[in-house]
Amino acid sequence: MVALQQPVLNNHELEKIRSIDTGVFQAKTLQTYFRADGKAGSLKKGLDRLCRYAVDAVEDGFEVIILTDRAIDSDHAPIPSLLATAAVHHHLIRKGLRGQVGIIVEAGDVWEVHHFACLIGFGATAINPYLALSTIRDMRLSGKMQTTLEPEYLKKNYIKAVNDGLLKVFSKMGISTLQSYQGAQIFEIIGLNSEVVDTYFSGATSRIQGMGLDEIARETLSKHFFAFSRKEIPVDRLPVGGVYQWKRKGEFHLFNPQTIHLLQHSTQSNDYETFKKYSKLVDDQAVKACTIRSQFQFKRNLPAISIDEVEPAESIYKRFASGAMSFGSISWEAHTTLAIAMNRLGGKSNTGEGGEDEIRFTKMENGDSMRSSIKQVASARFGVTSYYLSEADELQIKMAQGAKPGEGGQLPGHKVDDWIGKTRHSTPGVGLISPPPHHDIYSIEDLAQLIFDLKNANRAARINVKLVSKAGVGTIAAGVAKAKADVVLISGFDGGTGASPISSIKHAGLPWELGLAEAHQTLVKNKLRSRVVLQADGQMKTGRDIAVAAFLGAEEWGVATAALIVEGCIMMSKCNRRPRSYC
């Protein structure tokens, strides 16, 4: 038996395991590659070979299988490490052999916390991110990393950071140990077809179709051929990526310099033609497939009706709310401007979980009001007083946030100045991190008690419960309706302010389209739909987005990021590094 202190191995630790040969304990290294010939079925052949060799290794008495992609060359491309791991894991389960062997992954496509979390969740015992570790060493020795620390110390820091990130992932799911998380498959898969999911990710939730093995192979080969092809001009730089922040040659973002410019120019000059150009750029997503709703098409087989028969815009305004963004995550100026604008329109602005300065409860001399109609109550309840609760038209219980489900707000200490500390009833300079709501709400009964208490704190206010889009949210929404909530908000994964930690703004939550459709249909099926108002939010940018949400069941909609951009935000995604005055 070999005991590991933690699941992330450095190169030396991996080689120690690989070299053990006691006659009783041995490790077998299997190469995870497929032929880079571009032919249909090549990836499947590679996976079949890998699974066959894994069974042979277990039957031959090996206690550890090491899956490595180091053997790739111009003719052989790496099988994505997650696909290889899940394939071997489930194949051994079907053969009744999984309990006899540990699986260690030695891979170059692992560097983020989410990558490690997925590998462990789909069966890996330990992981060696050799390319990430080599990159750290190279950056230090080449002078690209400005530090006097030795490479080995930097690698140690990286491994500690990954372990801390994994600990955070486990805690969000209410899981106490790595052993409980390993192989638990607490994920929902988006973008793979049912054949791939059923064969290689058996038992995982997947509600829509997507790529097959051949499409995965093409995506892998595009990177492989770029790396191994002969280039007329030598290229010594990797693609910029641009996943977290827009880059000119990186990942496509719906909010990019062009759309941001058009939105800001059209709203500042009140130019509807320019706004239509912005809407067209955002809505024409069918080719890039940025969102699920981009794959929907309107049926145009009904005759048009007179505009006089349509509900007036002034009435529709009342169905809008600004997203929950706390004072501190955005500045006083940005926060109060949103409140004034929504109050003028007849919509509702949201305090976020950060409390609200009492000066905003008094109307301004010109008749405007900075008071937010929706007051949010999060788990840690920053800034919540009886006065705060009484000054609300709607009280929102933040059970989850789409962009970082299972977490409350996270405000770095350097942004908590005296004013924010006073407003949020906290200590200046100390970071504000709410624990997950399940710390004090364990059941629908607990939620019902809180709803009851809030209804007594402000009997005129609606009670809104904010849920994250996820598989099974329909059942939760039904319970919330039975608990006497007035509004259920389904929050999508791609919202959230730039103050969120990097490990929270990607790979967390699901598109609101999936959660909203499920919640609406479940409520209808259980004859509960008439009891609650259904609301949705998460990067809604145009009228088309609102229309799709309405078709899927939403009566009200939240807009946050787009509203911030209208105010002047340029989406640098560095809010967590900036003092409050920059936002």
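Note that this is a predicted model, so its numbers are computed, not measured. (Residues numbered from 1 in each chain as written. Predicted model: local features only at pLDDT ≥ 70, side-chain atom pairs only at ≥ 80, totals over all residues. Heavy atoms only, no water.)

1. Side note on the overall build of the protein chain
Using the following cut-off: For the purposes of this entry, the term helix denotes a DSSP run of H or I that reaches at least four residues, the term strand denotes a run of E that reaches at least two, and both are numbered from the N terminus. The quantity called the radius of gyration is restricted to C-alpha atoms. Its globule counterpart is 2.2 Å times the number of residues to the power 0.38. Relative accessible area decides the class of each residue, using a 1.4 Å probe on protein chains only: under 20% of the type maximum gives buried, over 50% gives exposed, and in between gives partly exposed. Residues are treated as being in contact if the distance between any of their heavy atoms lies within 4.5 Å. Note on areas: Shrake-Rupley, 1.4 Å probe, and residue coverage restricted to the protein chains presented here. By the counting rule applied here, Lys and Arg register as positive and Asp and Glu as negative, while His and the ends of each chain are not counted. In this description, the location of a charge corresponds to atom NZ of lysine, CZ of arginine, CG of aspartate or CD of glutamate.
Looking only at helices and strands, one finds 21 helices and 15 strands in the protein chain. Whereas a compact globule of 583 residues would reach a radius of gyration of roughly 25 Å, the protein chain reaches 26 Å, a difference of no more than 12%. For the protein chain, the residues scored as buried account for 48% of the 583 residues in total. For the protein chain, the share of sequence-separated contacts (at least 6 apart) that also reach a separation of at least 24 residues comes to 68%. When the accessible area of the protein chain is evaluated, it comes to approximately 29,400 Å², of which 54% is carbon and sulfur surface. Positive and negative charge centroids in the protein chain, built from 69 and 62 side chains respectively, lie 1 Å apart.

2. Structural notes on the sheet that holds strand β7 (residues 320-322)
Keep this limit in mind: The rule for pairing is simple: two strands pair if DSSP sees at least two bridges between them. A fitted line through C-alpha atoms represents every axis, and for helices the fit uses only the stretch in contact; the resulting angles, taken between N-to-C directions, go from 0 to 180 degrees.
With parallel pairing, seven strands are arranged side by side in an open sheet as β7-β15-β14-β13-β12-β9-β8. With one partner strand each, in any of the chains shown, β7 and β8 (374-377) form the two edges of the open sheet. Strand-to-strand twist across the sheet, computed as the mean angle between neighbouring axes with direction ignored, equals 25 degrees. Bridge analysis of β7 against strand β15 (residues 556-559) gives three bridges, and the strand direction is parallel. Bridge pairing in β15 links Ser 322 to Val 559.

3. Section: the packing of aromatic side chains
The line we're drawing: Between the rings of Phe, Tyr and Trp (Trp by its six-membered ring), a pair exists once the centres lie within 6.5 Å; its type follows the angle of the planes, with under 30 degrees stacked, over 60 edge-to-face, and the other angles tilted.
Tallied over the full model, the rule gives 11 aromatic pairs. Each ring, one from Phe 122 and one from Phe 201, has its centre 5.1 Å from the other, and the planes form 85 degrees; the classification is edge-to-face. One end of the pair, Phe 122, is in the loop between α4 (113-121) and β6 (126-128); the other, Phe 201, is in the loop between α8 (194-200) and α9 (213-228), with 79 residues separating them in the sequence. Taking the relative accessible area as the measure of exposure, Phe 122 reaches 2% and is therefore buried. Centroid distance Phe 320 to Trp 557: 5.1 Å. Interplanar angle 55 degrees. Geometry classified as tilted. A residue pair is termed long-range when its members are at least 10 positions apart, and Phe 320 in strand β7 and Trp 557 in strand β15 qualify at 237 residues. Note on Phe 320: relative accessible area 23%, which makes it partly exposed.

4. Side note on the side chain of Glu 188
Structurally, Glu 188 can be placed in the loop between α7 (178-181) and α8. Ignoring anything within four residues of it in the chain, the contact list for Glu 188 reads Thr 205, Arg 207, Lys 470, Ala 471, Leu 510 and Leu 514.

5. Quick word on empty space enclosed by the protein
Over the atoms, a rolling probe the size of a water molecule traces out where space has been left empty. Under the convention used in this document: Cavities and pockets were defined on a 1 Å grid built from protein atoms only: a cavity is a group of points that admits a 1.4 Å probe but offers it no way out, a pocket is an open group of points flanked by protein on both sides within 12 Å along at least five of seven lines, and a lining residue is one with an atom within 4 Å of any such point. Grid points are joined across faces, edges and corners, and a volume is the space filled by probe spheres set on the points. Polar here means any residue outside two lists: the nonpolar Ala, Val, Leu, Ile, Met, Phe, Trp, Tyr, Cys and Pro, and the charged Asp, Glu, Lys and Arg; Gly therefore counts as polar.
In this structure the tally under the stated criterion is five cavities of 30 Å³ or more. If you trace the largest cavity, you find it lined by Ala 321, Ser 322, Gly 323, Ala 324, Asn 350, Ile 374, Gln 396, Lys 466, Leu 489, Gln 535, Asp 537 and Gly 558. The set of elements that each furnish at least two residues to the lining of the largest cavity consists of β7 and β14 (533-537). Of the residues that constitute the lining of the largest cavity, the class distribution is four nonpolar, six polar and two charged.

6. Observations regarding a nonpolar patch on the surface
To keep things clear, this is the line we draw: Patch criteria: residues need more than 30% relative accessible area and no salt bridge. Like-charged residues are merged within 9 Å; nonpolar side chains of Val, Leu, Ile, Met, Phe, Trp and Tyr are merged within 5 Å. The term salt bridge refers to a side-chain nitrogen of Lys or Arg lying within 4 Å of a carboxyl oxygen of Asp or Glu.
On the surface, Ile 305, Ile 307 and Val 310 cluster together to form a nonpolar patch covering roughly 310 Å² of accessible area. Checked against the element boundaries, Ile 305 lands in the loop between α11 (272-283) and α12 (313-317).

7. As for the sheet that holds strand β1 (residues 27-31)
Taken together, the four strands give an open sheet; going across it, the order is β1-β3-β5-β6, and neighbouring strands pair in parallel fashion. Edge positions in the sheet fall to β1 and β6, since each has one partner strand and no second. Across this sheet, the average inter-strand angle for adjacent strands is 20 degrees, counted without regard to direction. Across the face of the sheet, helix α2 (residues 42-59) comes into contact with β1 and β3 (64-68) while running at roughly 170 degrees to β1.

8. Digging into the packing of helix α10 (residues 257-269) against α11
In plain terms, the rule: Under this scheme an angle from 65 to 115 degrees is roughly perpendicular, one under 35 degrees roughly parallel, and one over 145 degrees roughly antiparallel; angles in between are oblique. Handedness of a helix crossing follows the sense of rotation of the near helix relative to the far helix, less than a right angle counterclockwise being left-handed and clockwise being right-handed.
The geometry of α10 relative to α11 is characterised by a closest axis approach of 8 Å and an angle of 150 degrees between their N-to-C directions. With respect to α11, the element α10 is oriented roughly antiparallel. Crossing geometry of α10 relative to α11 is assigned as left-handed. Taking contact as the criterion, the partners of Gln 258, Thr 259, Leu 262, Leu 263, His 265 and Ser 266 in α10 are, on α11, Thr 274, Phe 275, Lys 277, Tyr 278, Leu 281 and Val 282. Considered class by class, the residues forming the contact of α10 with α11 number six nonpolar, five polar and one charged.

9. Topic: the environment of Arg 18
For clarity, the threshold we go by: Here a polar contact means two N or O atoms within 3.5 Å. Within protein one must be a hydrogen donor candidate and the other an acceptor candidate, and residues neighboring in sequence count only if both atoms are side-chain atoms.
Along the chain, the position of Arg 18 falls in helix α1 (residues 11-18). Residues Arg 18 and Val 55, 37 residues apart in the sequence, show an inter-C-alpha distance of 18 Å. Among the polar contacts listed, one links the side chain of Arg 18 to the side chain of Glu 15, at a separation of 2.9 Å. Side-chain polar atoms of Arg 18 contact the side chain of Glu 106, separated by 3.0 Å.

10. Here we look at the pattern of salt bridges
Under the defined criterion, the tally for this structure stands at 24 salt bridges. The residue Arg 344 makes a salt bridge to Asp 368 at a minimum N-O spacing of 2.6 Å. Here Asp 368 lies in the loop between α13 (332-345) and β8 and Arg 344 lies in helix α13, a separation of 24 residues in the sequence. Classification of Arg 344 by relative accessible area gives exposed; the value is 61%. Taking the relative accessible area as the measure of exposure, Asp 368 reaches 12% and is therefore buried. Where Glu 556 meets Arg 462, a salt bridge forms, and the shortest distance between an N and an O atom there is 3.1 Å. Placement of Glu 556 in strand β15 and of Arg 462 in strand β12 (residues 462-468) is noted, with a sequence separation of 94 residues between them. Classification of Arg 462 by relative accessible area gives partly exposed; the value is 21%.

11. Thoughts on the layout of surface pockets
Taken as a whole, the second largest pocket spans an internal volume of roughly 2,000 Å³. In terms of lining, the second largest pocket is formed by 48 residues, of which the most central are Phe 275, Phe 320, Thr 542, Gly 543 and Ile 546. Among the secondary structure elements, those contributing two or more residues to the lining of the second largest pocket are α10, α11, α12, β7, α13, α20 (543-551), β15 and α21 (561-567). Looking at the lining of the second largest pocket, the element that brings in the most residues is α13, giving seven residues. Grouping the constituent residues of the lining of the second largest pocket by class yields 30 nonpolar, eight polar and 10 charged.

12. Some remarks on the pairing of strand β9 (residues 394-398)
Within β9, five of the five residues are buried, which leaves the element mostly enclosed by the surrounding structure. Sheet topology places β8 next to β9; four bridges connect them, and they run parallel. Residue pairing in the sheet places Gln 376 in a bridge with Gln 396 of β9. Alignment of β9 against β12, held across five bridges, turns out to be parallel.

As far as function goes, none of this settles anything; it's purely spatial.
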